[in-house]
Amino acid sequence: MSAGAVGRAHPRLEGPEKVTGTARYAVEYPLEDVTYGWAVPAAAVRGRITRIDPDPALAVPGVLAVLHHGNAPRLSPDVEPELYLLQDPAVHYRGQLVALVVAESIEAAREGARQVRIDYDTEPHSTVLTADHPGLYRPEKVNPSYPTDTSEGDFDAAFDAAEVRVDATYRTPAYHNNPMEPHATTAQWRDGRLLVHDSNQGSTAVQAALAELFGIPRDSVRVISEHVGGGFGSKGYPKAAVVLASLAARQVDRPVRLALTRQQLFGPIGYRTPTIQRVRLGSDADGRIAAICHDAISQTSTITEFAEQTAVYTRSMYAAPHRRTTHRLVRLDVPTPFWMRAPGECPGAYALESAMDELASACGIDPIELRVRNEPTVDPDQGHPFSSRNLVACLIRGARRFGWGDRDPRPGARREGRWLVGTGVAGASYPARARASAATATALPDGGYLVRINATDIGTGARTALWQIAADALDVPPERVTIRIGDSDLPPAGVAGGSMGTASWSWALTRACQELRDRLGHHSGSLPPEGLTVAASTADEIRAQKPMARYAYGAHFVEVRVDAETGEVRVSRMLGVFAVGRVVNPTTARSQLIGGMTMGISMALHEEGLLDERYGDWVNHDFATYHIAGCADVEQIEAEWVAEEDSDLNPTGVKGLGEIGIVGSAAAIANAVRHATGVRVRDLPIRLEKLAGSSSFT
Amino acid sequence: MQNRSGSASIAGDERSSRVAFTVNGDRRELTLDNRTTLLDTLREHLGLIGAKKGCDHGQCGSCTVLLEGRRVKSCLIFAVTLDDCSITTVEGLAGPDRLSPLQEAFVAQDAFQCGYCTPGQLCSARGVLDELAEGWPSAVTEDLTGVVRPTDAEIRERMAGNLCRCGAYPHIVAAIRETAGER
Ligand code: FES
Ligand code: FES
C-alpha cells in the first residue's frame, strides 16, 4: 500500500460541482415534455375514502390527470404495505398520500391538488403514545432483528439490594428527519422500461422494489442517484415519491417530476418515534453497577410494524451482572415511524447516559470515573470479546482536551453575569457492521483504472473515501482512479445507512482491486481496448465473520450557559472524541461527526413534533414551526478521534461515522444543563420554560 | 383521465405575463404564469438548477439568490414582478474559468456535505460579505458607529437564515471568515 491515500485529508471530489450549482439532484435533469406531480394528503385520520371528485382539479388549465385508488395503475400487493399507494380507499393516518395530480406546470399541479374533492367515512382514532395505552404489546423483534427483551441474572433482587438506586423515566418527542432535499423523483417509462432519477440512500433497493411493485424484471428498472441532498435514514428504503412518480409517468405516458413538499416530509416518509423510557440503575456506594434495566415504549402505525430498538444500547454499554431490557409497542393511527440517524441508539443513549449522570450525582463520584468503573471486559449482552473498545480512551482524551479536570461538581455553582454555566459528559457507542456488496475494478489501456459500485453519497463523502481506498488497494496514485457510484446499473450494494456504507462498499472494492492486481501480475502484453475487468462480492466473507462485539465508541463533552432569567440555553462548547477505527478522509470524517453532534444539539434543544390529538397530526410541520439548529446555534464544536487499529472489522478497518456523532450528544447537553442549573430535564427538548418554570431554578 | 379542456397552454391570457430581466449578466425574456416564483423560473424555465427548493415557504434559505446585489429568497418572489431587474445565482458566482475565492474556501473548508443547501449558503455568504464591507450592522453588532468586523458571531448571526441539516455551520463560518480576510 505504498500509495497511501487512505488517512490523508482530501476535499470531496464533487466539491466543484456542488459549489457551482451544477451537481444534479433528482428533479434537476433536463427533459423534453416533462410534467409535474403534486401529491394530495388525506384530511382524515382513520377511515375510508367514499368519493373522490377529480373534476374541479381537471378543470384547472394545465392539469393532465388525477391519480387515485380508483384509476391508478395496479401494483403488486405483496411488496411492502407502505408502498401500496393509490390502490385502496383505506386511510391509516392523516397526511397519507391518497391522490396525485399531474400537470404541465408546477403551478397547475399545485392548484389542481388543492381542488381535488375527497369525502371520507371516518372512525375514532388513537394517536397519542402513553405509558399505559391499552394497545401496548410485545413485538416479535425490534429493528432490524434484535430480540425484543433480554434478561440476565436477577435484576429485581439486585436492584432491591443496591445501596444506591436511580429509577427515572425519560421521554423523547417525535423527531422528523428533514433532509434539505425532499424525497424527489423524476420517472419515465420507455418501451416498458422504467428510468428514475431518485433521491435515496441506496438505489439497488429502490430498483428491486419498483420491479416487484410493477411486476417487471429488475433489469427493466434503472435508478440513478448521483447526488442526494441528505436522508438521515428517511431515504434508506424506497418511499412514496418514487412510487407515485412512477405510477404517474405510466398513467400520462410522459416523464413526471415529483418532489414532496416540506410539509409532506412530516409523516409519509417516516420519523423518529416518540419514546417513553424507564431506566433503573442499582449500584454500590462506589458506583459499581449491579443491576441495570431499560424498558422502552414506542409507537408504530396500523400499516406496518416498525419497532425502534431503543433499549438495545443498554445491552452492551456498561457492565452489570443483573440486567434486563424490554421493548413495548402500540399501533396508533399515525404514519409509520422509521429510521432516523441512529434509530435505537440515539434515543436510548439519551436515557441511559442521563441516568448514568444521575447515578454519578447520587454516588458523589465524577461521571467519567463512574463510566470507567463500569467498563466491561467482554460484551455484557452476548459475552463475545470486543474487536476493540476505546470508550475509556475517548473519555480520558476528551477530559484533557476539554479541561474537565478542575470541574466543581456542585450544580448551579458557576455564574458568569446573567449566565449559569455548566458542563456535562456522555458516552456513545454504535455498532460497526457491514453488508454484502459487489464491485468491479477495471484496468484501462491508458494506464487508468475504473472502479464501479452502486454506493450512494448522501453527503457523507463516500465517493471520495472509496476513491482513496481503491487507489491504495490498486497501489496507484488516486489521480489514476475513476470511481462510479449512484446508479443501479452498477454492481449491487447496500444502502448508505446504519453506518455501514464505507465498511461494506470498501470491502467489495478492495477485493475487486486486489484481484485485479493479481490478474495484472499474470497478464502479459497490452490490455484489450475495453480494459481488464474483475468483479468481486463479499457475501461469503461477511457471512463467515466470526462472532464478536464490534462497536464504535465516543465521548461528548459539552459546556452550556443558561440565562438565569429566561432559561435560554446556549451550547458554548462541544467536543466529541471518537474511536471509529481507521479514518479514511479526515476532512469528510470531521464533517460527518460534527454534523451528527449538531443534530444532537438540535434534538436536545429545538426539535419536537407537537401532535394535535383532535386531528392526529403534527401541527408544526414546516421549518418555521419545527425548529432545527441554525448557524447561530452552533458556537464552537469540535470532533476528533483516537488512533485505533482493528483487524477484526473489514479490510480497511473502518467502523462508520454517520451515526455515532448524534448518539449520547443530547444526554451530554442535558447533563450540562443539570450541572448549570440543578434542573434535570427528563423530557426533551430542553425548552426554556422547563428551566425557568422549575422551582429549583436559581 | 386527460384534461377535457384540451390544450394546456396558458400563455397569452390573463394568467401569464411577459417579463424581461438579467440573470448572471444574460438578458432573459419570458412569458410566465403569474404564479411562477423566481425559484421555479430559474429551475424549470431557465435550466439554472443551482438554486434549491428546500421548503418553498421562505423558511430554509436554500433558494437564496442575489437580486440587485442583495440576498433574497427566490421562492417568495413572483418572477413577473422583476421586470428589468438583475439577478445573480450560484451559477454566476464563479469567474469564467475558475471558482471565486468564496467557492474555493467552501471546498477547502468542506463547508457542505450533501450540498443541497450550498448554493443558498454561497449566495447568502456573498451578500453577507458585501453587507459587512458596506458596514451594515446586525443584531449582534456591538459598536453601531464603527467598522463592522467579520467575527464568527457576526457571520453566524447573518447566516442564521440558511439552514443546513448536514450541520456544516462551523465550516461555513470558517469559509466566510477566510474569504473576508480575517485571521
Ligand atoms: S426554498 Fe426558499 S426559503 Fe426554503
Ligand atoms: S450540506 Fe446538506 S443541508 Fe447543508
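Residue numbers restart at each chain and count upward from 1, following the sequence in its written direction. In the order they appear in the text, chains get letters beginning with A and ligands get numbers beginning with 1. Selection of residues for local features in this predicted model requires a pLDDT of at least 70, selection of side-chain atom pairs for listing and counting requires 80 or more, and totals for whole chains, interfaces and linings are taken over all residues. Excluded from the side-chain calculation are hydrogens and water; included are all heavy atoms of the structure.

Take the overall build of chain A next. Regarding its fold elements, chain A presents 16 helices and 29 strands. Using C-alpha atoms as the atom set, the radius of gyration is obtained and then compared with a globule rule of 2.2 Å times the number of residues to the power 0.38. Computed over C-alpha atoms, the radius of gyration of chain A comes to 26 Å, within 12% of the 26 Å expected from 2.2 N^0.38 for 698 residues, which places it in the range of a compact globule. In terms of principal-axis extent, the alpha carbons of chain A reach across some 75 × 75 × 50 Å. The cut-offs for exposure are 20% and 50% of the maximum accessible area for each residue type, with area from a 1.4 Å probe on protein chains only; residues under the lower value are buried, those over the upper are exposed, and the others partly exposed. A total of 698 residues make up chain A; the buried ones form 66% of that total. Expressed as a percentage of contacts within chain A between residues at least 6 apart in sequence, the contacts between residues at least 24 apart total 82%. To measure how exposed things are, a 1.4 Å probe is used in the Shrake-Rupley method; for residues, cover is taken only from the protein chains shown. Accessible area for chain A stands at about 23300 Å²; split by element, carbon and sulfur atoms hold 48% of it. In this tally, Lys and Arg are treated as positive and Asp and Glu as negative; His is ignored, and so are the chain termini. For this purpose, a charge sits on NZ of Lys, CZ of Arg, CG of Asp or CD of Glu. A distance of 2 Å separates the average location of the 71 positive side-chain charges in chain A from that of its 84 negative side-chain charges. Comment: elements are numbered from the N terminus, with helices defined as DSSP H or I runs of at least four residues and strands as E runs of at least two. Pairs of residues are marked as contacts when any of their non-hydrogen atoms sit within 4.5 Å.

Here we come to the domain arrangement of chain B. Residues and elements named next belong to chain B. Domain boundaries assigned for chain B yield domain 1 (14-92) and domain 2 (101-182). An automatic or database domain assignment supplies the residue ranges for each domain. Of note, the centres of domain 1 and domain 2, computed from C-alpha atoms alone, are 22 Å apart. Contacts between the two partners involve 19 residues from domain 1, matched on the other side by 17 residues from domain 2. When two components associate, each loses some accessible surface as probed by a 1.4 Å sphere; the sum of these losses over both components is called the buried area. Carbon and sulfur atoms make up 56% of the surface buried where domain 1 meets domain 2, a total of about 1300 Å² over both sides. Its largest share of buried area at the contact with domain 2, domain 1 owes to Lys52, Arg71 and Val90, together 43% of the area lost on that side. One speaks of a salt bridge when a side-chain nitrogen belonging to Lys or Arg is within 4 Å of a carboxyl oxygen belonging to Asp or Glu. There are 1 salt bridge connecting domain 1 and domain 2. One salt bridge in this structure joins Glu131 and Arg71, with 2.9 Å as the shortest N-O distance. Polar contact criterion, stated in full: a pair of N or O atoms within 3.5 Å, where within protein one must be able to donate a hydrogen and the other to accept it, and residues adjacent in sequence count only if both atoms are side-chain atoms. Inspection of the region where domain 1 meets domain 2 yields 7 residue pairs in polar contact (both at pLDDT 80 or more).

To continue, consider the interface of chain A and chain B. On the side of chain B, 52 residues touch chain A, which itself brings 73 residues to the contact. In total, chain A and chain B occlude about 5000 Å² of area from one another, counting both sides; carbon and sulfur atoms represent 58% of this. On the chain A side of the interface with chain B, the three residues burying the most area are Val19, Met180 and Cys631 of chain A, jointly 16% of the side's total. At the junction of chain A with chain B, the criterion picks out 6 salt bridges. A salt bridge links Arg165 of chain B to Glu607 of chain A, with the shortest nitrogen-to-oxygen separation between them at 2.7 Å. For the interface between chain A and chain B, the tally reads 25 residue pairs in polar contact (both at pLDDT 80 or more). Mapped onto the side of chain A that touches chain B, the elements with two or more residues apiece are helix H1 (15-20), strand S1 (35-41), helix H2 (55-58), strand S3 (63-67), helix H3 (106-115) and helix H14 (586-605) of chain A. Top contributing element to the side of chain A that touches chain B by residue count: H14 of chain A, with 10 residues. Throughout, the ten residues Ala, Val, Leu, Ile, Met, Phe, Trp, Tyr, Cys and Pro are labelled nonpolar, Asp, Glu, Lys and Arg are labelled charged, and all others, Gly among them, are labelled polar. Across the side of chain A that touches chain B, the residue classes break down as 35 nonpolar, 22 polar and 16 charged.

Attention shifts here to the packing of helix H8 (residues 345-363) of chain A against helix H15 (residues 665-677) of chain A. Residue and element names in this part refer to chain A. Note on geometry: axes are C-alpha line fits, over the in-contact stretch for helices, and angles between N-to-C directions span 0 to 180 degrees. In the contact formed by H8 and H15, the axes pass within 8 Å of each other and the chain directions differ by 35°. Read as a crossing pair, H8 and H15 show a hand that is right-handed. Across the interface between the two elements, Ala349, Tyr350, Glu353, Ser354, Asp357 and Ser361 from H8 touch Ala666, Ala667, Ala670, Asn671 and Arg674 from H15. Its residues assigned to classes, the contact of H8 with H15 comprises 5 nonpolar, 3 polar and 3 charged. Crossing handedness follows the turn of the near helix against the far one: under a right angle anticlockwise gives a left-handed crossing, and clockwise gives a right-handed one.

The next subject is the environment of Val681 of chain A. Residues and elements named next belong to chain A. Relative to the helices and strands, Val681 is located in the loop between H15 and helix H16 (688-692). In this structure Val681 comes out as buried when scored by relative accessible area, which is 4%. Each C-alpha atom, one on Val681 and one on Pro16, is 44 Å from the other, the two residues being 665 residues apart in sequence. In this view, Val681 contacts Tyr350, Ala670, Ile686, Lys690 and Leu691; residues no more than four positions away in its chain are not counted.

Time to look at the sheet that holds strand S1 (residues 16-23) of chain B. All names here are of chain B. A strand pair is defined by DSSP finding two or more bridges across the two strands. Spatially, 5 strands are ordered S2-S1-S5-S3-S4 in an open sheet, and the strand pairing comes out mixed. Whereas interior strands pair on both sides, the edge strands pair on one side only; in this sheet they are strand S2 (26-33) and strand S4 (70-73). Sheet twist, expressed as the mean angle between neighbouring strand axes with direction ignored, is 40°. Note that S1 and S2 share 8 bridges and pair antiparallel. Bridge pairing in S2 places Ser16 opposite Asp33. Sheet contacts for helix H3 (residues 118-133): strand S3 (64-67), S4 and strand S5 (86-88); angle to S3, the most-contacted strand, approximately 40°.

Here the term cavity refers to a set of points on a 1 Å grid, laid over the protein atoms alone, in which a 1.4 Å probe fits but cannot get out; the term pocket refers to an open set having protein on both sides within 12 Å along at least five of seven lines, with lining residues being those that place an atom within 4 Å of a point. Grid points are joined across faces, edges and corners, and a volume is the space filled by probe spheres set on the points. As a volume, the second largest pocket reaches approximately 930 Å³. Taken together, 48 residues form the lining of the second largest pocket, with Trp38, Ala39, Thr261, Gln263 and Gln264 of chain A sitting closest to its centre. Those elements that place two or more of their residues in the lining of the second largest pocket are S1, H3, strand S6 (117-122), strand S14 (256-259) and strand S28 (617-618) of chain A together with helix H1 (38-45) of chain B. For the lining of the second largest pocket, the element with the highest residue contribution is S1 of chain A, accounting for 6 residues. Here the residues of the lining of the second largest pocket sort into 25 nonpolar, 9 polar and 14 charged.

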